[in-house]
Amino acid sequence: MHTFPEQAEAVIALAKFCSDKGWLPATSGNLSVKAQAEPLRVAITRSGADKQRLVPADILLIDEDMQVMGDTAYKPSAETSVHIELYRKFNCGSIVHVHTVFNNLMSELYASEGQIEISGHELLKALGHWDEHARIAIPIVPNHADLDELGRAVADAAQAEVPAVLVRAHGIYAWGDTPDAARRHLEAVEFLCEYLYRLRLIGGMSDVRK
Ligand SMILES: CSCCC(=O)C(=O)COP(=O)(O)O
Ligand SMILES: [Zn+2]
């Protein structure tokens, strides 16, 4: 992916996938692809766009100070600060942020613990954990109204071994080296949020998987 139009198409394809899943309700969510590492340039959705119907003009090129490059009246995502902080920390290739019922429910249920611990599930492999004894913790941060603070909180909590952070009663950020990897990580965590929520509902969550 070298040209900006190709990067913009990658962002649109990611958004279409997530939107078709119902993960981007009411214009929520934001998605980005790193356009260049040094200096950092990012292709990111504009604020307020309907992510089901993105067109190339809805994808903006921004610099590391969140300034839009190019001629447009649109503003980048209100949550651009979170993307920039994560790119700075991990130099990853793509970031997806979606709002789903199950990630919101799990963020509320485990808010006091500040994380969701998971072990003993096959889909941990999709997050890069192949050891059958692997145990991971997905961090949960408060939903700060100050978006610079939110960006710092997400990046501080984020761990390289677990490519996702939940924001309480808001949504999830997931990332990867490529758009496909970011999507895979997002799908895995969404599956696990739904699975663990439903398991808890039927009283089947043992200490090991709490
Ligand atoms: C309508 S959802 C509220 C804002 C939000 O959480 C979000 O993800 C979308 O914000 P953006 O500025 O990226 O459209
Ligand atoms: Zn959001």
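Keep in mind that what you see is a predicted model, and the values were worked out from it rather than measured. Chains are numbered independently. Their residues run from 1 in the order of the written sequence. Chains carry letters and ligands carry numbers; both start at the beginning, A for chains and 1 for ligands, and go up in the order they are written. Where totals are concerned, whole chains, interfaces and linings use all residues; where local detail is concerned, this predicted model gives features only for residues with pLDDT of at least 70, and gives and counts side-chain atom pairs only at 80 or more.

K.L.:
Teacher, can you tell me more about the overall build of the chain here?
P.N.:
The helix count covers DSSP runs of H or I at least four residues long, the strand count covers runs of E at least two residues long, and both are numbered beginning at the N terminus. Each helix and strand counted, the chain has 5 helices and 9 strands in total. Written out in order from the N terminus, the α and β elements of the chain read α-β-β-β-β-α-β-α-β-β-α-β-β-α. The C-alpha radius of gyration computed for the chain amounts to 17 Å, which stays within 12% of the reference 17 Å derived for 210 residues, consistent with globular compactness. C-alpha atoms of the chain, sized along the principal axes, occupy 55 × 30 × 30 Å. With C-alpha atoms as the basis for the radius of gyration, the globule rule is written as 2.2 Å multiplied by the number of residues raised to the power 0.38.

K.L.:
Please explain the environment of S77 as it appears in this structure.
P.N.:
As for its position among the elements, S77 is in the loop between strand 4 (68–69) and helix 2 (80–90). Residue classification places S77 among the buried positions, given that 23 C-beta atoms sit within 10 Å. When near neighbours in sequence (up to four residues on either side) are disregarded, S77 contacts N30, I44, T45, R46 and S47. Whether a residue is buried, exposed or partly exposed is read from the other C-beta atoms within 10 Å of its own C-beta, which are placed from the backbone; 20 or more gives buried, 12 or fewer gives exposed, and intermediate counts give partly exposed. A pair of residues counts as a contact when their C-beta atoms, built from backbone coordinates, are within 7 Å of each other.

K.L.:
Hey, could you run me through helix 2 in this one?
P.N.:
Within an α-helix, residues lying three or four positions from one another point in the same direction, as the helix has 3.6 residues per turn. Among the 11 residues in helix 2, 8 count as buried, and that is most of the element. All buried positions along helix 2 are accounted for by T80, S81, V82, H83, I84, E85, L86 and Y87. Considering only its buried residues, helix 2 is in contact with strand 1 (30–36), strand 2 (41–45), strand 3 (59–63), strand 5 (94–98), helix 4 (147–157) and strand 9 (171–176). Taken from the residues just after helix 2, N91 is the one with a positive phi, measuring 50°.

K.L.:
Could you clarify how one ought to interpret the site of ligand 1 in this entry?
P.N.:
Here is the check we use: build the C-beta atom from the backbone, and if it is within 6 Å of the molecule or strand, call the residue near. In the neighbourhood of ligand 1, the contacting residues comprise A26, T27, S28, G29, N30, T45, S47, G48, S77, A78, E79 and H97. When residue character is reported, Ala, Val, Leu, Ile, Met, Phe, Trp, Tyr, Cys and Pro are called nonpolar, Asp, Glu, Lys and Arg charged, and the others, Gly included, polar. In the shell around ligand 1, the residues fall into 2 nonpolar, 9 polar and 1 charged.

K.L.:
So what exactly am I meant to see when it comes to the nonpolar core here?
P.N.:
Put simply, a nonpolar core is buried Ala, Val, Leu, Ile, Met, Phe, Trp, Tyr and Cys residues tied into one set by C-beta atoms within 7 Å. One finds V11, L86, V96, V154, Y173, A174 and V189 to be the most contacted residues of the largest nonpolar core, which totals 59 residues. Setting aside anything within four residues of it in sequence, one finds V96 in contact with L14, C18, L31, A174, A182, R183 and L186.

K.L.:
Would you explain the sheet that holds strand 8 (residues 164–167) in this entry?
P.N.:
Pairing between the strands of a sheet comes from backbone hydrogen bonds, and it takes one of two forms, parallel or antiparallel. If you walk across this open sheet you meet the 9 strands as 4-3-2-1-5-9-8-7-6, and the pairing is mixed. Only two strands of the sheet have a single neighbouring strand rather than two, namely strand 4 and strand 6 (115–119). Here, axes are lines fitted to C-alpha atoms. For helices the fit covers the stretch in contact, and angles between N-to-C directions go from 0 to 180 degrees. Docked against the sheet, helix 5 (residues 179–201) engages strand 1, strand 5, strand 6, strand 7 (135–141), strand 8 and strand 9, running at close to 140° with respect to strand 9. By this definition, two strands are paired if DSSP reports at least two bridges between them.

K.L.:
When you look at the UniProt feature "binding site: Zn(2+)" (unreviewed entry) in the chain in this model, what are you seeing that I'm missing?
P.N.:
As recorded in UniProt, the sites labelled "binding site: Zn(2+)" (unreviewed entry) are H97 and H99. On the secondary structure map, H97 appears in strand 5. Residue H97 is classed as buried on the basis of its 28 C-beta neighbours within 10 Å. With sequence-adjacent residues up to four places away left out, H97 is seen in contact with G29, N30, L31, E79, G171, I172 and Y173. UniProt positions are given in the numbering used here, feature names are shortened, and annotations may be inferred rather than shown by experiment.

K.L.:
For this particular structure, what's the right way to read unusual backbone geometry?
P.N.:
Apart from glycine, the bulk of residues carry a negative phi angle, and the bulk of peptide bonds sit in the trans form. With an omega of -5°, the peptide bond between E38 and P39 qualifies as cis. Structurally, the position occupied by P39 is in the loop between strand 1 and strand 2. Despite not being glycine, A169 has its phi angle at roughly 50°, a positive value. Considering the arrangement of structural elements, one finds A169 in the loop between strand 8 and strand 9.

K.L.:
Whenever I open this one, the packing of helix 3 (residues 101–109) against helix 5 confuses me. Can you help?
P.N.:
Two quantities define a packed helix pair, namely the angle between the axes and the distance from one axis to the other. Interaxial distance between helix 3 and helix 5 falls to 8 Å at its minimum, and their mutual angle equals 60°. What the angle tells us is that helix 3 and helix 5 run oblique. Helix 5 is crossed by helix 3, and the crossing has left-handed handedness. Contacts between helix 3 and helix 5 pair F102, N103, L105 and M106 from the former with E190, C193, E194, L196 and Y197 from the latter. A per-class count over the contact of helix 3 with helix 5 returns 6 nonpolar, 1 polar and 2 charged. Roughly parallel here means an angle under 35 degrees, roughly antiparallel means over 145, roughly perpendicular means 65 to 115, and every remaining angle is called oblique. It is the rotation of the near helix from the far one that decides the hand of a crossing: anticlockwise by less than a right angle makes it left-handed, clockwise makes it right-handed.

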